[in-house]
Amino acid sequence: MKRVLITYRLKPEGLTVLNDKYELTLPKDRSFFSREEVLELIPEYDVLVPNFSFFTDKEIMDRGVNLELISNFGVGFNNIDVDYATRKGIVVTNIPKTTREPTAEFAFALLLGAARRIGYYDRKIRTPQGVSWGTYTDAGLPVFGKTLGIIGMGRIGQSLARRAVASGMNIIYNNRNRLAEDIEKQYSARFVSKDELLKTADFISLNAPSTPETYHMIGEKEFNMMKQTAVFINTARGDMVDEKAMLKALKENRIWAAALDVFENEPHILPELLELDNVLLAPHAGTKTLEDRIAMSVEMAQNIVGFYEGTYPISRVN
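Residues numbered from 1 in each chain as written. Predicted model: local features only at pLDDT ≥ 70, side-chain atom pairs only at ≥ 80, totals over all residues. Heavy atoms only, no water.

**Notes on the overall build of the protein**
So the rule is basically this: The helix count covers DSSP runs of H or I at least four residues long, the strand count covers runs of E at least two residues long, and both are numbered beginning at the N terminus. Throughout, the radius of gyration refers to the C-alpha atoms, and the reference size of a globule is 2.2 Å times the residue count to the power 0.38. For every residue, the accessible area (1.4 Å probe, protein chains only) is compared with the maximum for its type, and the residue is labelled buried under 20%, exposed over 50%, or partly exposed between those bounds. We call two residues contacting when some pair of their heavy atoms lies within 4.5 Å. Here the positive residues are Lys and Arg and the negative ones are Asp and Glu; neither His nor the chain ends is included. To locate a charge, take NZ of a lysine, CZ of an arginine, CG of an aspartate or CD of a glutamate.
Summing up its helical and strand segments, the protein has 12 helices and 12 strands in all. At 21 Å, the protein has a C-alpha radius of gyration in line with the 20 Å of a compact globule built from 318 residues. Across the 318 residues of the protein, 50% fall into the buried class. Long-range pairs, those at least 24 residues apart, make up 58% of the contacts in the protein between residues at least 6 apart in sequence. Each charge sign in the protein was given a centre, from 39 positive and 42 negative side chains, and these centres are 4 Å apart.

Laid out in structure tokens, this is it:
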């Protein structure tokens with residue numbers, strides 16, 4: 001019987017496909033195993049299931065002498081040293097299907113929330129000084145008829161585009177490769193250079209994968225290219241953005257607002273970001289609904305069964 005070490009306490013409803021043929025170990029009285037605990041346990045296990053915030057590196061893989069599969073609980077896999085796993089002959093899988101719609105949904109919610117200042121209004125209206133009810137004071141930005149620039153037009157980017165088009169937005173995008181013409185037509189989307197997107201979009205959403213090549217792909221130069229009325233949205237990964245450069249752009253009103261679900265050193269957030277009224281913040285909650293998190297567990301578990309039994313297609317990263 002294959003042994004599976006799960007670093008986070010996932011709900012059992014999402015793991016039923018594993019119950020009969022696999023031996024599962026996961027935290028019982030707390031949310032997660034520490035790194036030290038994983039290092040101690042891993043030599044006895046065939047499969048490791050890290051969640052998206054647990055970094056799986058050379059040390060862990062070297063200790064995992066029986067490790068054959070890393071079935072990641074997340075679509076992004078920057079928490080795993082995939083190159084080293086490949087050299088060790090360890091297969092890495094992720095879960096792109098069940099994370100697509102909830103992440104796109106949350107990205108669009110952040111877009112609307114930042115543009116219409118929903119978080120700001122909610123915070124201020126609860127305080128003794130309140131918020132202005134004036135006709136023009138503390139006004140937000142319209143969304144209908146504006147241009148959304150999507151950096152990374154993969155599954156999530158396309159799902160975000162579908163929502164934006166339904167709300168009357170225009171779509172431009174930048175991608176490693178241009179999409180097929182029929183896909184562009186679905187969203188009336190126009191492929192542009194990254195520089196053109198940064199200069200012309202009213203809203204800019206980062207939806208590309210985190211890789212060594214995309215580290216700090218949005219920095220001071222890029223923020224300086226954006227419109228002063230631009231809203232920047234990030235639901236991808238925090239290390240793709242130079243947070244200090246973003247903070248400077250926000251403080252100096254070089255851009256109008258940012259809406260962030262991910263951070264460069266999460267769960268740590270730059271203290272100065274917390275003080276700004278033109279930032280909407282969320283705790284890596286793009287897929288945080290009970291239904292979606294259980295569905296993610298099912299997809300993760302099916303990767304394990306598919307790897308060993310061939311009964312499900314698996315989503316291989318390497």
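So much for the structure itself; the text now carries on.
**Comments concerning the pattern of salt bridges**
The following threshold applies: When a carboxyl oxygen of Asp or Glu is within 4 Å of a side-chain nitrogen of Lys or Arg, the pair counts as a salt bridge.
Throughout the structure, instances matching the rule amount to 22 salt bridges. Among the salt bridges present, the one from Asp-277 reaches Arg-123, with a minimum N-O distance of 3.6 Å. Residue Asp-277 is found in the loop between α11 (271-274) and β12 (279-281), and its partner Arg-123 is found in helix α5 (residues 118-125); the two are separated by 154 residues along the sequence. Taking relative accessible area as the criterion, Arg-123 reaches 35% and is therefore assigned partly exposed. Note that Glu-184 is salt-bridged to Arg-178, the shortest N-O span being 2.9 Å. The class of Arg-178 is exposed, set by a relative accessible area of 55%. In this structure, a network of salt bridges that share partners links the residues Arg-100, Glu-101, Arg-162 and Arg-163.

**Quick word on the UniProt feature "domain: D-isomer specific 2-hydroxyacid dehydrogenase NAD-binding" (unreviewed entry) in the protein**
Convention followed: UniProt positions are given in the numbering used here, feature names are shortened, and annotations may be inferred rather than shown by experiment.
If you check UniProt for "domain: D-isomer specific 2-hydroxyacid dehydrogenase NAD-binding" (unreviewed entry), the listed places come out as residues 108-286 in our numbering. Between the C-alpha atoms that bound residues 108-286 there is a distance of 10 Å. The span itself is 34% helix and 16% strand.

**Side note on the sheet that holds strand β8 (residues 189-191)**
The condition that has to hold: Two strands qualify as a pair provided that DSSP identifies no fewer than 2 bridges between them. Between N-to-C directions, angles span 0 to 180 degrees; the directions come from axes that are lines fitted to C-alpha atoms, helices contributing only their stretch in contact.
The 7 strands are arranged β8-β7-β6-β9-β10-β11-β12 in an open sheet whose pairing can be described as parallel. Only two strands of the sheet have a single neighbouring strand rather than two, namely β8 and β12. Between one strand axis and the next, the sheet turns through 20° on average, direction left out of account. Sheet topology note: the strand β9 (residues 203-206)/strand β10 (residues 231-234) ladder contains 4 bridges and is parallel. Bridge pairing links Ser-205 to Ile-233 in β10. Against the sheet, helix α4 (residues 96-115) engages β6 (147-151), β9, β10, β11 (257-260) and β12, with an angle of about 150° to β10. Against the sheet, helix α10 (residues 243-251) engages β10, β11 and β12, with an angle of about 140° to β11.

**Digging into the domain arrangement of the protein**
Put simply, the rule is: An automatic or database domain assignment supplies the residue ranges for each domain. In short, buried area is how much 1.4 Å probe accessible area vanishes from two parts on joining, totalled over both. A 3.5 Å cut-off defines polar contacts: any pair of N or O atoms within that distance qualifies, except that in protein one atom must be a possible hydrogen donor and the other a possible acceptor, and neighbouring residues in sequence count only when both atoms are side-chain atoms.
Domains assigned within the protein are domain 1 (2-94 + 289-309) and domain 2 (98-281). On a C-alpha basis, the centres of domain 1 and domain 2 stand 31 Å from each other. Taken together, the contacts link 8 residues of domain 1 with 6 residues of domain 2. Both sides of the domain 1 and domain 2 interface together cover about 740 Å² of buried area, and 53% of this is carbon and sulfur. The three residues of domain 1 that bury the most area against domain 2 are Val-75, Asn-78 and Asp-292, which together make up 51% of that side's buried surface. On the surface where domain 1 and domain 2 come into contact, there are 0 salt bridges. Remark: the boundary between domain 1 and domain 2 carries 2 residue pairs in polar contact (both at pLDDT 80 or more).

**Focus on unusual backbone geometry**
Going from Glu-266 to Pro-267, the amide bond is cis rather than trans, its omega being 10°. Residue position: Pro-267 is located in the loop between β11 and α11. Phi is positive for Asp-138, close to 55°, though the residue is something other than glycine. Structurally, Asp-138 is set in the loop between α5 and β6.

**Some points on the side chain of Thr-287**
Looking at where Thr-287 falls in the secondary structure, it is placed in the loop between β12 and α12 (290-309). The class for Thr-287 is buried, based on a relative accessible area of 8%. In contact with Thr-287, other than residues within four places in its own chain, are Thr-99, Pro-102, Thr-103, Asp-292, Arg-293 and Met-296.

**Concerning α4**
Counting along an α-helix, one turn takes 3.6 residues, and residues three or four places apart therefore face a common direction. What counts here: Residue count minus one, scaled by 1.5 Å, sets the expected span of a helix.
If you check α4, its first and last C-alpha atoms are 28 Å apart, about what 20 residues at 1.5 Å a residue would give, namely 28 Å. Burial in α4 covers these residues: Pro-96, Thr-99, Pro-102, Thr-103, Ala-104, Ala-107, Phe-108, Leu-110, Leu-111, Gly-113, Ala-114 and Ala-115. Arg-117 occupies a position one or two residues after α4 and carries a positive phi of about 60°.

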